[in-house]
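A look at the structure
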Amino acid sequence: MKKTLLIVVAVIMASSVSAQEGTFYVGLSGISVPMGSEETECITGIAFDKSGSTSTTMFGIAPELGYFISNNWAVGLGVGFNYVNKDFGGGNSSNAILWGVKPYIRYYALKIEKFSLYLDGGLSYASSKIKDQKAVHIFTIGVIPAVSYNVSERFAINASIGGIGYSDYGNSRNRFALALDSGLEFGLTFSF
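To start, this report covers the structure provided alongside it. Everything quoted here is computed from the prediction, not taken from an experiment.

Notes on the overall build of the protein chain
From N to C terminus, the protein chain includes zero helices and 15 strands. Within the protein chain, the fraction of its 192 residues that count as buried is 43%. Pairs at least 24 residues apart make up 61% of the contacts formed inside the protein chain by residues separated by at least 6 positions. Only carbon and sulfur atoms are counted for the fraction: they give 65% of the accessible area of the protein chain, which is about 9,900 Å².

In structure tokens, the structure reads:
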């Protein structure tokens, strides 16, 4: 979405640089198609967009739970729900509801003091239902690069941008995408 003002409560990605094998973590997650739009991603946050006479408002929540199977590998599961309202002006509007689930595996390629670089790879399923239209079911496989910074021993701030993936929209519309310019997303996590 162009000219988007995105106020993120907390979004995507989890881990802790100091996490060790056997550590669990919880956070707020995202379920998205690389280069996704508001109809193809579940995020935690609130977004407002104004483009010409069209305005979009979105609200969503997407928690996740993960577990470190070794010091460099983690597995997890994210779930999400989003509500999107588009106002086209002149009394025309549209509402969409999206929900999804994403099992993933995460590899920490580089750890330097409080920073980590990692790849988040997984499968996701999302269902988008726009008022008075048939539901769209989206299956995706992809990899997203991300960075994590440990604020303390248990809390981390995370960021991701872009990704590479393949999406099947179930209606003869498939897409392969490599994007490094899609939305920058931030998140917070807690390890225990």
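Here the narrative resumes.
Focus on the pattern of salt bridges
Under the definition given, this model contains three salt bridges. Residue Asp 120 is joined to Lys 102 by a salt bridge in which the shortest nitrogen-to-oxygen separation is 3.2 Å. Separated by 18 residues along the polypeptide, Asp 120 in strand E10 (residues 115-130) and Lys 102 in strand E9 (residues 92-112) bring together distant segments of the chain. Like Asp 120, the residue Lys 102 is buried in the burial classification.

Topic: the environment of His 137
Position of His 137 relative to the elements: it lies in strand E11 (residues 136-150). Taking C-alpha positions, His 137 is 8.1 Å from Asp 168, a pair spaced 31 residues apart along the chain. Once residues within four sequence positions are removed from consideration, His 137 is found in contact with Tyr 125, Ala 126, Ser 127, Asp 168, Tyr 169 and Gly 170. Polar contacts involving the side chain of His 137 include one to the side chain of Tyr 125, which spans 2.5 Å.

Here's the deal with unusual backbone geometry
Here Glu 113, not a glycine, exhibits a phi torsion of approximately 50°, which is positive. Residue placement: Glu 113 occurs in the loop between E9 and E10.

With respect to the nonpolar core
In terms of nonpolar packing, the biggest core is built from seven residues, these being Tyr 25, Phe 68, Ala 74, Tyr 104, Tyr 108, Tyr 118 and Ala 146. Core analysis: the next-biggest nonpolar cluster, separate from the first, contains six residues, Ile 43, Ala 47, Met 58 and Ala 96 among them.

Topic: the pairing of E9
With 16 bridges joining them, strand E8 (residues 73-89) and E9 adopt antiparallel strand pairing. From the neighbouring strand, Ala 74 faces E9, where its bridge partner is Arg 106. Where E8 hands over to E9, the hairpin turn is made up of two residues, of which Gly 90 adopts a positive phi near 65°. Summarising the sheet, E9 and E10 pair through 14 bridges and their orientation is antiparallel. The residue bridging Tyr 107 from the neighbouring strand is Leu 119, located in E10.

Digging into the packing of aromatic side chains
For the structure shown, the criterion picks out 11 aromatic pairs. Residues Phe 24 and Tyr 67 carry aromatic rings whose centres are separated by 4.6 Å and whose planes lie at 50° to one another, so their mutual orientation is tilted. Residue Phe 24 is located in strand E2 (residues 24-28), and its partner Tyr 67 is located in strand E7 (residues 63-68); the two are separated by 43 residues in the primary sequence. Among the residues examined, Phe 24 registers a relative accessible area of 35% and is labelled partly exposed. Ring geometry for Trp 73 and Tyr 107: centres 4.7 Å apart, planes at 45°, overall tilted. Placement of the pair is Trp 73 in strand E8 and Tyr 107 in strand E9, with a sequence separation of 34 residues. Taken together through their ring pairs, the aromatic side chains of Phe 24, Tyr 67, Phe 155, Phe 190 and Phe 192 make up a single cluster. The residue whose ring lies beneath Lys 111 is Tyr 108, and the NZ or CZ to ring-centre distance is 5.3 Å.

Calculation rules
- Residues numbered from 1 in each chain as written.
- Predicted model: local features only at pLDDT ≥ 70, side-chain atom pairs only at ≥ 80, totals over all residues.
- Heavy atoms only, no water.
- Helix = DSSP H or I, 4+ residues; strand = E, 2+ residues; numbered from the N terminus.
- Buried < 20%, exposed > 50% of the residue type's maximum accessible area, 1.4 Å probe, protein only.
- Contact = heavy atoms within 4.5 Å.
- Areas by Shrake-Rupley, 256 points an atom, 1.4 Å probe, with all protein chains shown as cover.
- Salt bridge = Lys/Arg side-chain N within 4 Å of Asp/Glu carboxyl O.
- Polar contact = N/O pair within 3.5 Å; in protein donor to acceptor, adjacent residues only side chain to side chain.
- Core = buried A, V, L, I, M, F, W, Y, C linked by side-chain atoms within 4.5 Å.
- Pairing = 2+ DSSP bridges.
- Phe/Tyr/Trp six-rings, centres within 6.5 Å; stacked < 30°, edge-to-face > 60°.
- Lys NZ or Arg CZ within 6 Å of the ring centre and 35° of its normal.

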